[in-house]
Amino acid sequence: MTTQPPLLFGSYCEKQDVNALPVREQPTQRVLADSSACSAVELLAALIGGPRQIETATALLAKFNSVAGIVSASTADIASVRGVGQTTAARLKAALQLGIRATHDLPEKKLIGSPAEAAEVLRPHFMD
């Protein structure tokens, strides 16, 4: 008895060619609809593009075990995955680096200790 590998998400593992999927299920369309609801495979596939983007995204996650593994990998290692060239590897590294910077560059949240401080913080939002 052989066991099937777990599906990373939905029917994508059954239909590797993105063009075979209904438009609303294609990674780019899913990102446009609600990127926060997308799986890592969908987000990677949208960055990769092309008809085999799902297969390539799945292969990347299989090789590096996680998005963090991809972040740690060199562009040469990423480009060694079938379907990923130097340009796509650079695009992936850039997008992941932007994500890291976005989480570190968040403005420091100010603690509000009084109604006067709350008014100070909110006043610019109600000026017009």
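What comes next is a walk through the structure. (Residues numbered from 1 in each chain as written. Predicted model: local features only at pLDDT ≥ 70, side-chain atom pairs only at ≥ 80, totals over all residues. Heavy atoms only, no water.)

With respect to the environment of A40
Okay, step 1: Summarising the element assignment, A40 is placed in helix α2 (residues 40-48).
Okay, step 2: Residues within four places of A40 in sequence aside, it is in contact with L61 and V67. (Helix = DSSP H or I, 4+ residues; strand = E, 2+ residues; numbered from the N terminus. Contact = heavy atoms within 4.5 Å.)

Focus: the nonpolar core
Okay, step 1: Membership of the largest hydrophobic core comes to 20 residues, with the highest contact counts inside it found for L44, L60, F64, I70 and I78.
Okay, step 2: Elements with a contribution of two residues or more to this core: α2, α3 (53-64), α5 (75-79) and α6 (86-104). (Core = buried A, V, L, I, M, F, W, Y, C linked by side-chain atoms within 4.5 Å. Buried < 20%, exposed > 50% of the residue type's maximum accessible area, 1.4 Å probe, protein only.)

Overview of the packing of α2 against α3
Okay, step 1: Remark: α2 packs on α3, axes separated minimally by 8 Å, with the N-to-C direction vectors making an angle of 120°. For the element pair α2 / α3, the angle class is oblique. The way α2 lies across α3 gives a crossing that is right-handed. Contacts between α2 and α3 involve A40, V41, L44, A45, A46 and I48 from the first element and Q53, I54, T56, A57, T58, L60 and L61 from the second.
Okay, step 2: In the contact of α2 with α3, the residues fall into ten nonpolar, three polar and no charged. (Axes fitted to C-alpha atoms, helices over the stretch in contact; angles between N-to-C directions. Parallel < 35°, antiparallel > 145°, perpendicular 65-115°, else oblique. Left-handed = near helix turned anticlockwise from the far one by under 90°. Nonpolar A, V, L, I, M, F, W, Y, C, P; charged D, E, K, R; others polar.)

Comments concerning the packing of helix α1 (residues 27-34) against α2
When two helices pack together, their arrangement is captured by the angle between the axes and the distance separating the axes.
Okay, step 1: Their axes nearest at 8 Å, the elements α1 and α2 cross at an angle of 110°. Put simply, α1 runs roughly perpendicular to α2. Considering how the two elements wind past one another, α1 and α2 form a crossing that is left-handed. Contacts between α1 and α2 involve P27, T28, R30 and V31 on the former and, on the latter, E42, L43, A45 and A46.
Okay, step 2: Residue composition of the contact of α1 with α2, by class: five nonpolar, one polar and two charged.

What about unusual backbone geometry?
Okay, step 1: Its identity is not glycine, yet N65 carries a phi of approximately 70°, on the positive side.
Okay, step 2: Residue placement: N65 occurs in the loop between α3 and α4 (67-72).
Okay, step 3: With relative accessibility at 68%, the residue N65 sits in the exposed group.

Description of the side chain of Q26
Okay, step 1: Here Q26 is to be found in the segment before α1.
Okay, step 2: Only 3.3 Å separates the side chain of Q26 from the backbone oxygen of V18, close enough to count as a polar contact. (Polar contact = N/O pair within 3.5 Å; in protein donor to acceptor, adjacent residues only side chain to side chain.)

Considerations on the environment of D34
Okay, step 1: With respect to the helices, strands and loops of the structure, D34 is situated in helix α1.
Okay, step 2: Judged by relative accessible area, D34 falls into the partly exposed class, the value being 39%.
Okay, step 3: At a separation of 2.6 Å, a polar atom in the side chain of D34 contacts the side chain of S36.

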